[in-house]
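The primary structure of each chain is shown beneath.
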Amino acid sequence: MILVTGGAGFIGSHTCVELAAAGEAFVILDNFSNSQRGVLERLAQITGQAPLFEEGDVRDGALLARLFAKYPIDAVIHFAAFKAVGESVAKPLAYYDNNVGGTVTLLQAMQQAGVRTLVFSSSATVYAESAVQPIAEDFPLSPSNPYGQTKLMIEQVLADLDASEPQAWRLARLRYFNPVGAHESGLIGEDPQDTPNNLMPFVAQVATGQRAQLRVFGNDYPTVDGTGMRDYIHVTDLAKGHLAALRYLRQHPGLLTVNLGSGRPASVLQLVDSFARASGRPIPYEVAERRAGDLAQYWAEPALAERLLGWRAELDLDRMCADAWRWQDGEARRRAAAAPAA
Ligand code: WQD
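Conventions adopted
- Residues numbered from 1 in each chain as written.
- Predicted model: local features only at pLDDT ≥ 70, side-chain atom pairs only at ≥ 80, totals over all residues.
- Heavy atoms only, no water.
- Core = buried A, V, L, I, M, F, W, Y, C linked by side-chain atoms within 4.5 Å.
- Buried < 20%, exposed > 50% of the residue type's maximum accessible area, 1.4 Å probe, protein only.
- Helix = DSSP H or I, 4+ residues; strand = E, 2+ residues; numbered from the N terminus.
- Contact = heavy atoms within 4.5 Å.
- Salt bridge = Lys/Arg side-chain N within 4 Å of Asp/Glu carboxyl O.
- UniProt positions renumbered as here; feature names shortened; annotations may be inferred.
- Pairing = 2+ DSSP bridges.
- Right-handed = clockwise from strand over helix to strand, strands pointing away.
- Near = heavy atom within 4 Å.
- Polar contact = N/O pair within 3.5 Å; in protein donor to acceptor, adjacent residues only side chain to side chain.
- Areas by Shrake-Rupley, 256 points an atom, 1.4 Å probe, with all protein chains shown as cover.
- Nonpolar A, V, L, I, M, F, W, Y, C, P; charged D, E, K, R; others polar.

**Student:** How should I be thinking about the nonpolar core in this particular structure?
**Tutor:** Soluble globular proteins tend to bury their nonpolar side chains together. Residues I2, L174, L256, L309 and W311 are the most contacted members of the largest nonpolar core, which totals 38 residues. At 8 residues, helix α8 (residues 235–251) tops the list of elements feeding residues into this core. Among residues more than four places away in sequence, those in contact with L309 are G241, A244, A245, Y248, L256, V258 and L304.

Shown next, in the form of structure tokens:
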């Protein structure tokens with residue numbers, strides 16, 4: 001059985017859908033700090049059975065010990081973390097406590113319980129700014145914000161743990177690029193609790209009319225149309241990458257590090273155009289100043305994951321936008337219908 005920490009979150013819930021489809025037993029641990037309890041019901045609708053669920057925090061070592069005793073857990077997929085770059089700059093201690101401290105507590109509980117397989121949700125934000133693209137796994141590492149630092153520190157913890165007991169641990173460090181989109185059912189998707197920092201959820205809210213217009217953070221970058229370019233990857237492809245990594249670890253002890261990206265960069269305006277076509281809605285925007293800390297462009301060299309895991313991103317930008325739109329539009333309608341009559 002697989003323990004999925006943060007399994008009610010955006011990427012976690014989509015991974016649970018793929019685990020269920022593959023016949024993998026799993027139990028979700030989540031404290032709803034960045035997710036909704038209603039996701040559990042949606043997972044039941046999609047998979048046909050209510051997921052096993054425990055409410056709690058990865059920093060609670062006693063709770064973790066109880067979970068390892070209660071369930072026949074033999075692997076962990078670890079999503080639970082804070083992930084807002086800007087927030088991490090304002091609240092570094094909360095990020096180090098939750099992300100790094102939580103992971104160390106989880107690993108200690110795993111060691112105590114004799115569970116030695118972990119798939120870790122890392123991020124391309126660990127890479128240094130690079131003029132050379134695409135980015136491969138052996139590129140220099142130098143995060144530019146506390147959030148990225150927590151991911152790099154956890155990667156180092158995993159490397160040191162592997163070195164302390166060679167071949168005893170099975171550890172995967174998955175470096176995500178830009179996860180977007182939603183499950184094709186439209187029942188689960190990205191659901192930011194306040195103003196979205198990221199492009200896709202903001203565009204989706206402009207399309208539904210929740211927001212008046214998009215601000216494009218700079219159009220004077222040295223890119224195809226002057227706007228920032230990123231490696232967007234459909235969250236369902238990303239979820240399948242976790243299953244592929246888990247299967248790899250079951251056959252190969254040690255430390256695995258791979259990029260999970262499409263290798264196909266897209267600009268802000270290309271995404272806006274794709275979303276307008278997918279939704280049939282106009283996406284008004286104004287060009288604003290560059291956002292501090294933004295890079296012109298980066299995208300993944302995905303070859304290693306394909307070679308080692310037999311995994312590659314299959315879904316294109318139009319499909320990412322179509323699925324994100326179905327989720328955003330459907331959720332807006334459901335919430336409007338559930339709202340008390342004015
Ligand atoms: C994408 C592009 C913006 C919003 C972030 C995190 C990273 C990872 C993925 C966790 C850029 C432009 C955006 C807007 C815009 N998260 N943009 N107007 O910054 O590549 O990566 O999410 O691992 O750690 O840093 O994603 O979606 O914020 O920006 O013009 O309102 O869209 O300038 O070019 P980013 P993003």
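**Student:** Where do I start with the pattern of salt bridges in this structure?
**Tutor:** As enumerated under the stated definition, the model contains 23 salt bridges in all. Ionic pairing is found between K70 and E54, a salt bridge with its closest N-O pair at 2.7 Å. Taken together, the positions of K70 in helix α3 (residues 61–70) and E54 in strand β3 (residues 52–55) put the pair 16 residues apart, joining distant regions of the chain. A relative accessible area of 55% places K70 in the exposed class. One salt bridge connects R215 with E286, and the closest N-O pair in it is separated by 3.7 Å. Here R215, found in strand β8 (residues 214–217), pairs with E286, found in strand β13 (residues 285–288); they are 71 residues apart in sequence, far enough to count as distant.

**Student:** What is the right way to look at the UniProt feature "domain: NAD-dependent epimerase/dehydratase" (unreviewed entry) in the protein chain in this model?
**Tutor:** Residues given the UniProt feature "domain: NAD-dependent epimerase/dehydratase" (unreviewed entry) here are residues 2–261. Annotation note: span residues 2–261, helix share 41%, strand share 19%, distance between end C-alpha atoms 24 Å.

**Student:** How do you make sense of the pairing of strand β2 (residues 26–30) when you look at a structure like this?
**Tutor:** Taken residue by residue, a regular strand's side chains alternate between the two faces of the sheet. Most of β2 is tucked away, with 5 of its 5 residues classed as buried. Residues F26, I28 and D30 point to one face of β2 and V27 and L29 to the other, with burial holding for every one of them. Sheet topology places strand β1 (residues 2–5) next to β2; 4 bridges connect them, and they run parallel. The residue bridging I2 from the neighbouring strand is F26, located in β2. With 4 bridges joining them, β2 and β3 adopt parallel strand pairing. Looking at β3, one finds that V27 is bridged to L52. Following the backbone out of β2, through helix α2 (residues 38–47) and into the adjacent parallel β3, one traces a crossover that is right-handed.

**Student:** Help me understand the site of the ligand, please; the structure alone is not making it clear to me.
**Tutor:** Among the 19 residues in the neighbourhood of the ligand, the closest are listed as Y147, L199, R215, R230 and D294. S123 is positioned with one of its side-chain polar atoms (N or O) 3.0 Å from an oxygen atom of the ligand. Between the ligand and Y298 there is a distance of 3.5 Å, counted from an oxygen atom to a side-chain nitrogen or oxygen. Expressed as a share of its isolated accessible area of 690 Å², the protein-covered part of the ligand is 90%. No other element matches β8, which puts 4 residues into the shell around the ligand. Grouping the constituent residues of the shell around the ligand by class yields 9 nonpolar, 6 polar and 4 charged.

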